Structures are given as C-alpha cells and as structure tokens.
Amino acid sequence: MTFAPATRAAGLARLDEFAPLAGRRYAADRNHDRGPHEQPAVSQLSPYLRHRLVTEEEVVRHVLATHSLQAADKFVQEVYWRTYWKGWLEQRPSVFTRYEHGALAARESLGEEGEALLAAAVEGRAGIEGFDDWARELVDTGYLHNHARMWFASIWIFTLRLPWQLGAEFFLRHLLDGDPASNTLSWRWVAGLQTRGKTYLATADNIARYTEGRFRPRGLATVAPALEEDEPVPTPAPLAPAAAAPLGRLGLLLHDDDLAPETLPGVERIAAVAAPARGRERTAQGTAAMVADFQRDALADGLDRASSIHAAPAESLDDLTAPAIAAWAARHELDAIVMPLAPVGAARTALDRAAAELAPEGLPLVPLHREWDARAWPHATRGFFPFRERIPQLLRAQGIGAHGS
Ligand SMILES: Cc1cc2nc3c(=O)[nH]c(=O)nc-3n(C[C@H](O)[C@H](O)[C@H](O)COP(=O)(O)OP(=O)(O)OC[C@H]3O[C@@H](n4cnc5c(N)ncnc54)[C@H](O)[C@@H]3O)c2cc1C
C-alpha cells in the first residue's frame, strides 16, 4: 500500500476507485485485516480526509450517488464517526491537552523497566504475535487497519499495561491520518475512559478470525478493567459562532487540517494565498519523517490549487507565527486574513496564539466554518448512538440524497 502522492488528485482517484465498493461489500468485509499486501475492504481514504485534501462531504456525496443510504449506511456512519469525534473534542478541548500532559508525565515516571518495555513495544520486539507485526507495519507504512488499531491499543493497555497516552502518542507520531480527535478519543474508548467503564478486550480468537489465520497471539490479558482518571470529563463548552466575512483586501491562509480551498465557503476576493511550508510537530516526541513528508507535500498541493483558483500569488511561510503572518500580510497590503477553521490540535494552537497577537495590530484572522461541521458538531454532546440517529437529517440539510441527488 502507498499513500503517495499527498495530493487532492490522488485522494479523489482513490475515492473514485473505492466508491463502488462502499455498499454492502464494505459492511460485510470491513472488519477483516488481511495484511498490508492484500487489497483492503476499507477505503484507506483517512490520510486524505485527515488533511481535508478531500472532504467528508465529498466522500459521502460521491458514495451516495452510487448507493442507497441503506446499502452504504455502515460506510457513511464511519465517516460520521470522524465528524462526531471532531465535534466532541471541539467542545472539550482540555481532553486533548490533558492527554498531552499525561504523555509527558507517563514518560517521566516509566522507570528503567518501563522504558525497556516501551522500546520493545514500539520496535516490534514485545514477543506478541500480531502486536509486533502491527508496530512494524505502522512505522513502515504510516497506516493500520481499524481492527488492528483496536487490538493493538487493547494489548498495549491491558496485556503490557503501558500508559495509554504513550500508545496514543506512538500512533500520532506515525499515522499519516494521525488526528487529535479520532486518535485520542479512540484510545480513551479502548481504555474505558470515553464510554465510562466500557473497555475493548482483544482476544486471540477474534484476532485469528479477522486476520484470517495470520495471527493467534498467546498470553493476552483475559480481563480489561476500565482505567480511571482523576478529573471528570468536562461538560461541553459552547462552540464558537461563525464570524462574518471581513471586508477589504483578504489573504487566504491554509493549514494542514483543511486543504480543500475549492470547497471552502466565503472566499471571494482573495488577493494572496499562503500556507506553512511544513506541518507542525504532532507530538512532544516529534513526527515521523513519512508523516512530515506527507504534510509538506499536502500543504504544497493545497497552496498550489488555492493560487490557481484565486489567481493570487502564493507564499510558503516559515511557520504559523504572528511575525511570519504579519510580514506576508504587509507584503500584500492585506486588511484581514481568512482561513478554514482549524479544529483542536497543533495548527489551532498556533493560529489562536497568532490571532491574539495580531488583533491589537488591526490584522484580524477569521476562521471560516464549513456547514458540514457547523451542522453536526453541536450534536456531539453525548455518545455516538444518539448522534447517529441524526445522520439522515444531517444529510438532508446538507442537500445530500441517495442515488445522484
Ligand atoms: C486506537 C485507535 C486510534 C485511531 N486513530 C485514528 C487517527 O489518528 N486518525 C483517524 O483518522 N482515525 C483513527 N482511528 C479510526 C479508524 O481506525 C481509521 O479512521 C480508519 O482505520 C481509517 O482507515 P480507512 O480510511 O480505510 O477507513 P474506512 O473504514 O474506509 O472509513 C472511511 C473514513 O471514515 C473515518 N473513520 C472510519 N472509522 C473511523 C473511526 N472508528 N473513528 C473515526 N473515524 C473513522 C475515517 O476518516 C476513514 O477514512 C483510530 C482507531 C483506533 C481504534
């Protein structure tokens, strides 16, 4: 499997190829992980969706132009899992910061034995069939099947008893689709922190069945007692309302959470476009080279397309800092800057800081909300199941019907 090149064209080509399979075949086969050298039953669109080289709306619209919602129900639900996790974290950003602090603290308190176990786990030397193969597969390819992610996280937490935050960090550092919401909250879910008390236990039988006999690990934990945390999950905070589009000469600033300027609302009259030359570090331990390359190429592709759509000069910025953004704005005499809304994560932290520093200088940074998120996120207050009930209604509001409408 390969995820090169990191372009919108490659993401759209993958979507075209996969769409005919997104119906009942996906529903029946999606849990099987036949290994990295076999044709998967899943879309492998996640690196493109993560960076919004292709948007969730485009994926669902395309699939429902071929299948009825009933046939593609399972696939559409999986795409909405992503939207749900994003909306859930957006209303509780401290859950991500708490994970980041937890990872630092866990690393410090590992001790010699813990450090040796951690090294063995991430280098594929833990001595557990399957688990070791998935660790190597993740590092080599930047991707793991969903079921392998669940088994891996469960074995990490309940068999090896390593801190879940360090497993989440390992994933975030190496996954091309590494996402603050989907990753952190899925690890929390396996650990029994997300749906309180409900954990995921990986068993040898389940692994043997869904890897089609490739692995049957021995010595796995037979119980998965839920982890506990000191602080309760915060109550959802209100989502920021959409701001009115600013007036004057506008610059469009892209970042690696949203690289589909062709579908971004409210971006007429763009005088200049910019994006950072590199993605921001994903973890305190850095970012795997393969991920950094993907981010860099995706940013360059987004910037290129934005420049042709708006017939505007493009610039790569050194970083998403106030001085870099202010210097670019000054060169193009910009009155304000618009950007796709960055959800909780590294780009958002940098942009919030830059916006706070640039506001007193009279240079507003205005996030543009996509309707897909604005409609769905407010419903991500409780579990996924009540959220799921709203999918048909959300699709109708988005003007997406089954079979070509
Ligand atoms: C421990 C753990 C960590 C994970 N970390 C991430 C992560 O960092 N980034 C990430 O995008 N997904 C993550 N997932 C969710 C899921 O495993 C991947 O999205 C999926 O495997 C991507 O492969 P695909 O594109 O072939 O998915 P498909 O099955 O083809 O699904 C289509 C799209 O729907 C979304 N999706 C599917 N399943 C899920 C799910 N369970 N949760 C959220 N979105 C989903 C993805 O955007 C995916 O591309 C994690 C799951 C677990 C159990």
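One can find the structure itself at the top, above this paragraph.
Below is a summary of the structure that appears in this document. (Residues numbered from 1 in each chain as written. Predicted model: local features only at pLDDT ≥ 70, side-chain atom pairs only at ≥ 80, totals over all residues. Heavy atoms only, no water.)

### Considerations on the pattern of salt bridges
Close approach of charged atoms allows side chains of opposite charge to pair.
Line of reasoning, step 1. Counted under the stated rule, the structure contains 34 salt bridges.
Line of reasoning, step 2. The residue Arg-8 makes a salt bridge to Glu-58 at a minimum N-O spacing of 2.7 Å. Residue Arg-8 is found in helix H1 (residues 8–18), and its partner Glu-58 is found in helix H4 (residues 56–64); the two are separated by 50 residues along the sequence. Accessibility classification places Arg-8 together with Glu-58 in one group, the buried group.
Line of reasoning, step 3. With a closest N to O distance of 3.1 Å, Arg-30 and Glu-78 form a salt bridge. Residue Arg-30 is located in the loop between helix H2 (24–29) and helix H3 (46–50), and its partner Glu-78 is located in helix H5 (residues 69–90); the two are separated by 48 residues in the primary sequence.
Line of reasoning, step 4. Residue Glu-78 is classed as partly exposed on the basis of its relative accessible area of 22%.
Line of reasoning, step 5. Put simply, Arg-50, Arg-52, Glu-56, Arg-82, Lys-86, Asp-179, Asp-257, Asp-258, Arg-370 and Asp-373 are held in one network by salt bridges that share partners. (Salt bridge = Lys/Arg side-chain N within 4 Å of Asp/Glu carboxyl O. Helix = DSSP H or I, 4+ residues; strand = E, 2+ residues; numbered from the N terminus. Buried < 20%, exposed > 50% of the residue type's maximum accessible area, 1.4 Å probe, protein only.)

### A short note on the environment of Leu-118
Line of reasoning, step 1. Examined against the element boundaries, Leu-118 turns out to sit in helix H7 (residues 111–122).
Line of reasoning, step 2. Owing to a relative accessible area of 10%, Leu-118 belongs among the buried residues under this scheme.
Line of reasoning, step 3. Sequence-distant contacts of Leu-118, that is, excluding residues within four places in its chain, are made with Arg-107, Leu-110, Trp-156, Leu-162 and Leu-166. (Contact = heavy atoms within 4.5 Å.)

### A look at unusual backbone geometry
Line of reasoning, step 1. Between Ala-4 and the following residue, Pro-5, the backbone shows a cis peptide bond with an omega angle of -10°.
Line of reasoning, step 2. Residues other than glycine seldom take positive phi values, yet Arg-52 does so here, at roughly 45°.

### Description of the sheet that holds strand E2 (residues 270–276)
Line of reasoning, step 1. Reading across the sheet, the five strands line up as E3-E2-E1-E4-E5 and stay open at both edges, with parallel pairing between neighbours. The open sheet terminates on both sides in strands that have one partner only, identified here as strand E3 (314–317) and strand E5 (365–368). In this sheet, neighbouring strand axes are inclined to one another by 30° on average, regardless of whether the strands run parallel or antiparallel.
Line of reasoning, step 2. Where strand E1 (residues 250–253) lies against E2, four bridges are found, and the strand directions are parallel. For Leu-253, the partnering residue across the bridge sits in E2 and is Ala-274. (Pairing = 2+ DSSP bridges. Axes fitted to C-alpha atoms, helices over the stretch in contact; angles between N-to-C directions.)

### A look at the packing of helix H6 (residues 94–108) against helix H10 (residues 164–174)
Between two packed helices, what matters for the description is the angle formed by their axes and the separation of those axes.
Line of reasoning, step 1. Between H6 and H10, the least distance of the axes is 8 Å, while the angle of their chain directions is 110°. In terms of orientation, H6 lies roughly perpendicular with respect to H10. Listed contacts from H10 to Phe-96, Tyr-99, Gly-102, Ala-103, Ala-106 and Arg-107 of H6 are Trp-164, Gln-165, Leu-166, Ala-168, Glu-169, Leu-172 and Arg-173.
Line of reasoning, step 2. Taken together, the residues of the contact of H6 with H10 sort by class into eight nonpolar, two polar and three charged. (Parallel < 35°, antiparallel > 145°, perpendicular 65-115°, else oblique. Nonpolar A, V, L, I, M, F, W, Y, C, P; charged D, E, K, R; others polar.)

### A closer look at the pairing of E3
Line of reasoning, step 1. Residue alternation in E3 divides its side chains into a buried set, Glu-315 and Leu-317, and an unburied set, Ala-314 and Ser-316.
Line of reasoning, step 2. In this sheet, E3 lies alongside E2 in parallel orientation, the contact comprising four bridges. Among the inter-strand pairings, Ala-275 is bridged to a residue of E3, identified as Ser-316.
Line of reasoning, step 3. In this region the chain leaves E2, passes through helix H13 (residues 289–310) and returns to the parallel neighbour E3; the handedness of that crossover is right-handed. (Right-handed = clockwise from strand over helix to strand, strands pointing away.)

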